Amino acid sequence: MEAVLAHLRGAIERGEYAIGDRLPSEAELCRTLEISRPVLREALRSLQTMGLTVSKTGKGTFVVANAVEDPTFGDYAASDLLEVRRHVEIPVAGYAALRRTPENLDHLAHLLDRMEQETDTTAWVAMDTLFHLAVAEAAQNPVFRRVIEEIRDALARQSAFLNELGGRREQSNREHRAIVEALIDGSEHDAVEAMSHHLDRVETTLTDIVRSPTTGTNTSTEGESQA
């Protein structure tokens, strides 16, 4: 999927498909690129997330931009989502370290164990959002949970995007483990630092993907995605 995305993104950025152009049909792209339809559809979804294309039911996929600026996850732009996450989730982690209950810690530890063993991206992404909800619950303030619930779909979309294109899963597991360990220790400082580091890494990976030059080859795409 990464190679297909790099190929299509590169073609758009080089002007082979101009703004306003309709991409070839799914059947034609699958035949030309010798790929399956599910792989193509994942790549097309990523193009739309990047803001390069828009899909119109019954009409096809159209180019709307020739450069990636600010990906959109559901109803929210990536920059807006990250800004809110920093203002909410970092202090929430600190409150959670001071207020968490044994039940909160058991739930987080169990969830983290499952995430570290999970190999299916879709299942892992679902647990990723549950993890951040569980941290908010541990802060013992229902408003915090409500805020995370509001952006839950965007968080899931962002998580899937970063895992597919940025190889984030194992690194994210380690960052989640550091957050849980800080909560177990009851250290507000460490919890705040761990969540800050986690969001820093999310931003760095997202920036690498957005700025990544594309050449349409699998090797270069993999190199960039692991940056």
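Up top is the structure these notes are about.
As the structure is a computational prediction, the values presented were derived from the model and not from experiment.

Caption draft 1: Inspection of the packing of aromatic side chains at higher detail. Evaluated as defined, the whole model comprises two aromatic pairs. Between tyrosine 95 and phenylalanine 144 the ring centres are 5.8 Å apart and the planes differ by 25°, which places this aromatic pair in the stacked class. Highlighted residues: tyrosine 95 in helix H4 (residues 78-99) and phenylalanine 144 in helix H7 (residues 142-150), separated in sequence by 49 residues. Take tyrosine 95: its relative accessible area is 33%, and that puts it in the partly exposed class. Directly above the aromatic system of phenylalanine 62 lies the positively charged group of lysine 56, at a separation of 4.9 Å from the ring centroid.

Caption draft 2: Fine view of the pairing of strand E2 (residues 60-63). Across four bridges, strand E1 (residues 53-56) lies against E2 in antiparallel orientation. Looking across to E2, one finds that lysine 56 is bridged to glycine 60.

Caption draft 3: Seen up close, the nonpolar core. Residues Leu47, Met50, Phe131, Val135, Phe161 and Leu183 are the most contacted members of the largest nonpolar core, which totals 61 residues. In this structure leucine 183 touches Ala93, Ala96, Ala97, Arg100, Leu105, Leu108 and Ala191, once residues within four positions along its chain are discounted.

Caption draft 4: Spatial organisation of the pattern of salt bridges. Applying the stated criterion to the full structure yields 15 salt bridges. One salt bridge connects glutamate 13 with arginine 9, and the closest N-O pair in it is separated by 2.9 Å. With glutamate 13 and arginine 9 both in helix H1 (residues 2-13), this residue pair falls four residues apart, about one helical turn. As a salt-bridge pair, arginine 145 and glutamate 149 come within 2.9 Å of each other at their nearest N and O atoms. Residue arginine 145 and its partner glutamate 149 are located together in helix H7, separated by four residues, close to a single helical turn. A relative accessible area of 30% means that glutamate 149 is categorised as partly exposed. Taken together, the shared-partner salt bridges connect Glu137, Arg145, Glu149 and Arg152 into one network.

Caption draft 5: Spotlight on a negative patch on the surface. Negative charge collects at one region of the surface, where Glu181, Asp185, Asp190 and Glu193 lie side by side. Going through the elements one at a time, helix H9 (169-185) and helix H10 (188-211) are the ones with two or more residues in the negative patch. By the secondary structure assignment, aspartate 185 is in helix H9.

Caption draft 6: Structural detail: the side chain of arginine 168. Looking at where arginine 168 falls in the secondary structure, it is placed in the loop between helix H8 (152-166) and H9. Engagement of the side chain of arginine 168 in a polar contact is seen with the side chain of glutamine 171, the distance being 2.6 Å. Residues in contact with arginine 168, not counting those within four places in the same chain, are Leu162, Asn163, Glu175, His198, Arg201, Val202 and Thr205.

Caption draft 7: Examining the packing of H1 against helix H3 (residues 37-49) more closely. Closest axis-to-axis distance for the H1/H3 pair is 9 Å, and the angle between their directions is 45°. Taken together, H1 and H3 sit at an angle that is classed as oblique. You can see that H1 and H3 cross each other, and the crossing is right-handed. Here Val4, Leu5, Leu8, Arg9 and Ile12 of H1 lie close against H3, whose contacting residues are Val39, Leu40, Ala43, Leu44, Ser46 and Leu47. Of the residues in the contact of H1 with H3, the class split is nine nonpolar, one polar and one charged.

Caption draft 8: Expanded view of helix H6 (residues 121-138). End to end, H6 covers 26 Å across 18 residues, agreeing with the expected 26 Å (1.5 Å per residue, within 8%). Residues of H6 that are buried: Trp124, Val125, Met127, Asp128, Thr129, Phe131, His132, Leu133, Ala134, Val135, Ala136 and Ala138. Between a side-chain oxygen at the N-terminus of H6 and the backbone nitrogen of threonine 122 the separation is 3.3 Å; the capping residue is aspartate 120. Glutamine 140 occupies a position one or two residues after H6 and carries a positive phi of about 60°.

Thresholds applied
Residues numbered from 1 in each chain as written. Predicted model: local features only at pLDDT ≥ 70, side-chain atom pairs only at ≥ 80, totals over all residues. Heavy atoms only, no water. Phe/Tyr/Trp six-rings, centres within 6.5 Å; stacked < 30°, edge-to-face > 60°. Helix = DSSP H or I, 4+ residues; strand = E, 2+ residues; numbered from the N terminus. Buried < 20%, exposed > 50% of the residue type's maximum accessible area, 1.4 Å probe, protein only. Lys NZ or Arg CZ within 6 Å of the ring centre and 35° of its normal. Pairing = 2+ DSSP bridges. Core = buried A, V, L, I, M, F, W, Y, C linked by side-chain atoms within 4.5 Å. Contact = heavy atoms within 4.5 Å. Salt bridge = Lys/Arg side-chain N within 4 Å of Asp/Glu carboxyl O. Patch = residues over 30% accessible without salt bridge, like charges linked within 9 Å, V, L, I, M, F, W, Y side chains within 5 Å. Areas by Shrake-Rupley, 256 points an atom, 1.4 Å probe, with all protein chains shown as cover. Lys, Arg positive; Asp, Glu negative; His and termini not counted. Charge placed at Lys NZ, Arg CZ, Asp CG, Glu CD. Polar contact = N/O pair within 3.5 Å; in protein donor to acceptor, adjacent residues only side chain to side chain. Axes fitted to C-alpha atoms, helices over the stretch in contact; angles between N-to-C directions. Parallel < 35°, antiparallel > 145°, perpendicular 65-115°, else oblique. Left-handed = near helix turned anticlockwise from the far one by under 90°. Nonpolar A, V, L, I, M, F, W, Y, C, P; charged D, E, K, R; others polar. Expected span 1.5 Å × (residues − 1).

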